[in-house]
Amino acid sequence: MLNKILVAIDESGSSEWAFDTALAMAKSLQAELLLAHVLDASAYDSPKPSVFLAGSLAQDTESPKQKEYDQEWQQFTDHYETLLKQKRAEAEAAGVSATHVQAYGTPDRKLCELARTNNIDLIVVGNRDRTNKNSISSYLVQHAPCSVTVVHPKASSQSTTTVERREAVAV
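Presented here is an overview of the structure given in this document. (Residues numbered from 1 in each chain as written. Predicted model: local features only at pLDDT ≥ 70, side-chain atom pairs only at ≥ 80, totals over all residues. Heavy atoms only, no water.)

## Digging into the nonpolar core
In this structure, Ile 5, Val 7, Ile 9, Leu 33, Leu 35 and Val 124 are the most contacted members of the largest nonpolar core, which totals 25 residues. Taken together, the elements giving at least two residues each to this core come down to strand 1 (4-8), helix 1 (13-29), strand 2 (32-39), helix 3 (64-93) and strand 4 (122-126). Top element by residues in this core is helix 3. It accounts for 7 residues. Residues in contact with Leu 33, not counting those within four places in the same chain, are Ile 5, Ala 22, Leu 23, Ala 26, Ala 91, Val 96, Ser 97, Ala 98 and Thr 99. (Core = buried A, V, L, I, M, F, W, Y, C linked by side-chain atoms within 4.5 Å. Buried < 20%, exposed > 50% of the residue type's maximum accessible area, 1.4 Å probe, protein only. Helix = DSSP H or I, 4+ residues; strand = E, 2+ residues; numbered from the N terminus. Contact = heavy atoms within 4.5 Å.)

Pasting the structure below:
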């Protein structure tokens with residue numbers, strides 16, 4: 001029986017489809033959702049420290065550059081915390097019990113750790129590139145402590161479906 005489903009959340013189209021899939025499964029199975037986003041300092045959209053900060057041997061926490069980076073990182077984490085809260089509200093509006101967590105680390109390993117520590121029965125994750133053997137979803141399929149469902153969005157109908165889903169939730 002599937003009682004707890006973890007779904008990886010970011011702003012990609014494949015994440016939208018993964019969320020929709022996990023939500024539908026949780027609703028039909030009366031399962032609980034754990035919505036997870038992993039903060040990865042090496043991700044393309046994460047704030048990057050300036051060359052000065054990255055090369056500095058003594059990290060001066062009071063420097064203007066460090067303060068600027070800290071502020072950008074806080075905005076980054078706040079942005080994804082807001083996204084997780086929105087998804088949680090969508091799940092609860094659909095009658096599904098949901099919690100959320102934002103963790104720091106590499107997404108593939110951190111999602112496996114979250115699955116272990118939260119007794120997850122199923123991970124639902126999106127995949128942007130079916131040919132990438134080093135993707136997060138490929139890692140999860142090989143290393144997760146539970147079953148994994150990989151959702152592949154259909155490129156031609158992805159944006160239409162997302163818009164229709166959002167309109168349906170708003171009604």
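## Here we look at unusual backbone geometry
Here Gln 30, not a glycine, exhibits a phi torsion of approximately 55°, which is positive. Looking at where Gln 30 falls in the secondary structure, it is placed in the loop between helix 1 and strand 2. Positive phi values are uncommon outside glycine, yet Asn 119 reaches one of about 50°. When its relative accessible area of 60% is taken as the criterion, Asn 119 is described as exposed.

## Re the pattern of salt bridges
Counting across every chain of the model gives 5 salt bridges. Residues participating in the shared-partner salt-bridge network are Glu 16, Lys 87 and Glu 90. (Salt bridge = Lys/Arg side-chain N within 4 Å of Asp/Glu carboxyl O.)

## Some points on the sheet that holds strand 1
In sheet architecture, strand pairing relies on hydrogen bonds along the backbone and comes in two forms, parallel and antiparallel. Strand order in this open sheet of 5 strands is 3-2-1-4-5, and the pairing throughout is parallel. Of all the strands in the sheet, the pair left with one neighbour each is strand 3 (98-104) and strand 5 (147-151). With strand direction ignored, the average angle separating the axes of adjacent strands in the sheet is 25°. Both strand 1 and strand 2 contribute to a ladder of 5 bridges, which runs parallel. Looking at the pairing, Ile 5 lines up with Leu 33 of strand 2. Its contacts with the sheet place helix 1 against strand 1, strand 2, strand 4 and strand 5, and it is angled at close to 150° to strand 4. (Pairing = 2+ DSSP bridges. Axes fitted to C-alpha atoms, helices over the stretch in contact; angles between N-to-C directions.)

## Quick notes on the environment of Glu 81
Of note, Glu 81 is situated in helix 3. Overall, Glu 81 belongs to the partly exposed group, its relative accessible area being 23%. Here the alpha-carbon distance between Glu 81 and His 100, two residues 19 residues apart in the chain, equals 8.7 Å. If sequence neighbours within four positions are ignored, Glu 81 has contacts with His 100 and Gln 102.

## Focus on the packing of aromatic side chains
Considering all chains together, one arrives at 4 aromatic pairs under this definition. Summarising the aromatic geometry, the rings of Tyr 69 and Trp 73 are spaced 6.4 Å apart at their centres and angled 35° between planes, so their arrangement reads as tilted. One end of the pair is Tyr 69 and the other is Trp 73, both in helix 3 and 4 residues apart, which spans about a single turn. Trp 73 carries the same exposure label as Tyr 69, and that label is buried. A centroid spacing of 5.4 Å and a plane angle of 80° characterise the contact between Phe 76 and Tyr 80, whose relative ring orientation is edge-to-face. Taken together, the residues span about one helical turn, with Phe 76 and Tyr 80 both in helix 3 at a distance of 4 residues. In this pair, the class of Phe 76 matches that of Tyr 80, namely buried. (Phe/Tyr/Trp six-rings, centres within 6.5 Å; stacked < 30°, edge-to-face > 60°.)

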